[in-house]
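Overview (structure and organization)
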Amino acid sequence: MTLPPARVPDTGVRRLTTTLYGYAFLDDLVLLYPVYALLFADTGMSLWQISSLFALWSVTAVVLEVPSGAWADTVSRRRLLWLGPLLTAAGFALWVTVPSYGAFALGFVLWGAGGALGTGALEALVYDELDRLGAAERYARVMGRSRAARLLATVVAMALAGPLLALGGYQAVGAASVLASLLAAATATRFPEHRQPAEQGDGSWTATLRAGLAEAGGDRTVRGALLLIPAVAAVWGALDEYTPLLIRDLGVAEATLPYLVLLVWAIVTVGSLLAGPAERLGSRGLAALIAGAALALAVGAGSRTVAGIALVGLAFAGFQLAEVLADARLQHRIDDARRATLTSVASLGTELVTVAVFGVYALLGTRAAHSTVFVILAVPYAVTAALLARSRRDHPAPAGSRRDGPAAG
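It should be emphasised that the depicted structure is a prediction, and the values quoted were computed from it without experimental measurement.

Notes on the overall build of the protein chain
A tally of helices and strands in the protein chain yields 16 helices and 0 strands. Burial statistics for the protein chain: of 409 residues in total, 50% are counted as buried.

Quick look at the environment of Trp95
Tracing the chain through its elements places Trp95 in helix H4 (residues 77-97). Note: C-alpha distance between Trp95 and Phe108 (13 residues apart in sequence) is 9.3 Å. Each residue touching Trp95, except ones within four places of it in the same chain, is listed here: Leu32, Tyr36, Leu39, Phe40, Ala103, Phe104, Gly107, Phe108 and Trp111.

Observations regarding the environment of Leu151
Tracing the sequence through the fold places Leu151 in helix H7 (residues 139-188). Along the sequence, Leu151 and Trp265 sit 114 residues apart, while their C-alpha atoms lie 7.3 Å from each other.

Focus on the pattern of salt bridges
This model, assessed by the stated rule, comprises 5 salt bridges. The closest approach of N and O atoms between Asp128 and Arg77, which form a salt bridge, is 2.6 Å. In this pair, Asp128 sits in helix H6 (residues 121-132) while Arg77 sits in helix H4, placing the two residues 51 residues apart along the sequence. Under the relative-accessibility criterion, Arg77 is labelled buried at 1%. Look at the salt bridges and you will find they share partners, linking Asp27, Asp28 and Arg150 into a network.

Considerations on a nonpolar patch on the surface
Taken together, the side chains of Val59, Val63 and Leu64 present a nonpolar region at the surface, about 240 Å² in accessible area. Here Leu64 lies in helix H3 (residues 47-72). For Leu64, a relative accessible area of 33% translates into the label partly exposed.

What about helix H5 (residues 101-118)?
Over its 18 residues, H5 extends 26 Å from the first C-alpha to the last, a length consistent with the 26 Å expected when each residue adds 1.5 Å. Most of H5 is tucked away: 13 of the 18 residues are buried. Residue Gly120 follows H5 closely and has a positive phi angle near 95 degrees.

Some thoughts on the packing of helix H12 (residues 283-303) against helix H16 (residues 379-389)
Contact geometry of H12 with H16 gives a least axis separation of 8 Å together with a crossing angle of 165 degrees. Taken together, the axes of H12 and H16 are roughly antiparallel relative to one another. Note that H12 runs across H16; the crossing there is left-handed. Here Ser283, Arg284, Leu286, Ala287, Ile290, Ala291 and Ala294 of H12 lie close against H16, whose contacting residues are Tyr381, Ala382, Thr384, Ala385, Leu388 and Ala389. Along the lines of polarity and charge, the residues of the contact of H12 with H16 split into 10 nonpolar, 2 polar and 1 charged.

Notes on the environment of Arg390
Take Arg390: it is sitting in the segment after H16. Expressed as a C-alpha distance, the spacing of Arg390 and Arg284, which sit 106 residues apart in the sequence, is 7.9 Å.

Considerations on H12
Taking 1.5 Å of rise per residue, the 21 residues of H12 would be expected to cover 30 Å, and the 30 Å separating its terminal C-alpha atoms lies within 8% of that figure. By the burial criterion, the buried members of H12 are Ser283, Leu286, Ala287, Ile290, Ala293, Ala294, Ala296, Leu297, Gly300 and Ala301. Residues of H12 that are buried sit in contact with helix H9 (220-248), helix H13 (306-333), helix H15 (370-376) and H16. Looking one or two residues beyond H12, the residue adopting positive phi is Arg304, at roughly 55 degrees.

Side note on the nonpolar core
Counting 83 residues, the largest nonpolar core has Val126, Phe191, Leu297, Phe316 and Phe374 as the members making the most contacts within it. No other element matches H9, which puts 13 residues into this core. Apart from the residues within four sequence positions on either side, Phe191 is in contact with Arg15, Leu16, Thr19, Leu20, Tyr23, Arg78, Leu81, Leu122 and Leu125.

Examining unusual backbone geometry
Non-glycine residue Arg304 carries a positive phi angle of around 55 degrees. Topologically, Arg304 is positioned in the loop between H12 and H13. The exposure class of Arg304 is partly exposed, given its relative accessible area of 41%.

Overview of the packing of aromatic side chains
One pass over the full model with this rule turns up 25 aromatic pairs. A ring pair is formed by Phe40 and Trp95, whose centres lie 5.3 Å apart and whose planes are at 85 degrees; its orientation type is edge-to-face. Within this pair, whereas Phe40 is found in helix H2 (residues 36-42), its partner Trp95 is found in helix H4, the two being separated by 55 residues in sequence. We classify Phe40 as buried; its relative accessible area is 0%. Each residue in the set Tyr33, Tyr36, Phe40, Trp57, Phe92, Trp95, Phe104, Phe108 and Trp111 is aromatic and connected to the rest through ring pairs, giving one cluster.

Rules used throughout
- Residues numbered from 1 in each chain as written.
- Predicted model: local features only at pLDDT ≥ 70, side-chain atom pairs only at ≥ 80, totals over all residues.
- Heavy atoms only, no water.
- Helix = DSSP H or I, 4+ residues; strand = E, 2+ residues; numbered from the N terminus.
- Buried < 20%, exposed > 50% of the residue type's maximum accessible area, 1.4 Å probe, protein only.
- Contact = heavy atoms within 4.5 Å.
- Salt bridge = Lys/Arg side-chain N within 4 Å of Asp/Glu carboxyl O.
- Patch = residues over 30% accessible without salt bridge, like charges linked within 9 Å, V, L, I, M, F, W, Y side chains within 5 Å.
- Areas by Shrake-Rupley, 256 points an atom, 1.4 Å probe, with all protein chains shown as cover.
- Expected span 1.5 Å × (residues − 1).
- Axes fitted to C-alpha atoms, helices over the stretch in contact; angles between N-to-C directions.
- Parallel < 35°, antiparallel > 145°, perpendicular 65-115°, else oblique.
- Left-handed = near helix turned anticlockwise from the far one by under 90°.
- Nonpolar A, V, L, I, M, F, W, Y, C, P; charged D, E, K, R; others polar.
- Core = buried A, V, L, I, M, F, W, Y, C linked by side-chain atoms within 4.5 Å.
- Phe/Tyr/Trp six-rings, centres within 6.5 Å; stacked < 30°, edge-to-face > 60°.

Here is the structure:
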């Protein structure tokens, strides 16, 4: 008996998504994350030294973001996805075996490089494999669940770090983080990859980078999709860092604060799982989503109540969902041979705008309460929603492959 044709792609999609969700979870299962600042301080690092380490981490990511994306378009993307966690594991191992400023600095460079190798390569591999299986319309749903897996891993890491630290100190927490990274690398080897590396121009990553930037500069729809990602992702990505301070200003007990932070992230995780139903939103639907989230952010933060924190979580969930949908819009518009390059360009834009938001927050926060700054920073989202609503095209998500689907317009 001949199997129905749909069963073959379903099997392929299942293998791809199972690998993706496992990889995403393990890649963010970093038990060192909630305690590494304590490790630095306990090793004798000054505040200036700790701040310089964070800056080095950010600079590494910014410098390598786009070149690594172009490299992912010229070599095996799967290879970069398992190489990245190995670099991260090496960095974590340095931190707990030879704790010193030099080891911390090198560890952050390795961690930043490992993250840069995966950015662009992962989205490109997943989209191309789904497209090959005739399932490109599932991309937003799949990536939304992947984001949820990462958020779940962060919550698990926060829950396990404390008990493990008490049991075995920083060495135990570091060993668990190294193990998770090694398992992520092993999982990445299971990714299917049928694409052949691009061979165009002189065959180098620099040629791919030039071609990708030329595509962005010459195609208005690609350029718009590129700009939409940082417009949606950057502000709430920065505000996330200040959420504990916003909550503390409510006067809640210190013991209650972590639970309210977890409440916010639980809501964001649920929001990531709604990417499937939301992927058929057109431009005006996406604009309404962003506008609604902006309103929830302003009202929630401005109310200065515990119930308002739930609204802030709802706003973050809306922005996270919009970020996934914006990524899907970009993937539907760009050429396969330069997919990782342009995805990395969008990520670079997000990083740069996020840094700018940190500066704006610091400037505003010296004169206003955290709740007021949150309300003010909801305004850029209202502007983005208004501009998106004015778009002449309002299409649902694609029914087919990249440029043939309705959302490609």
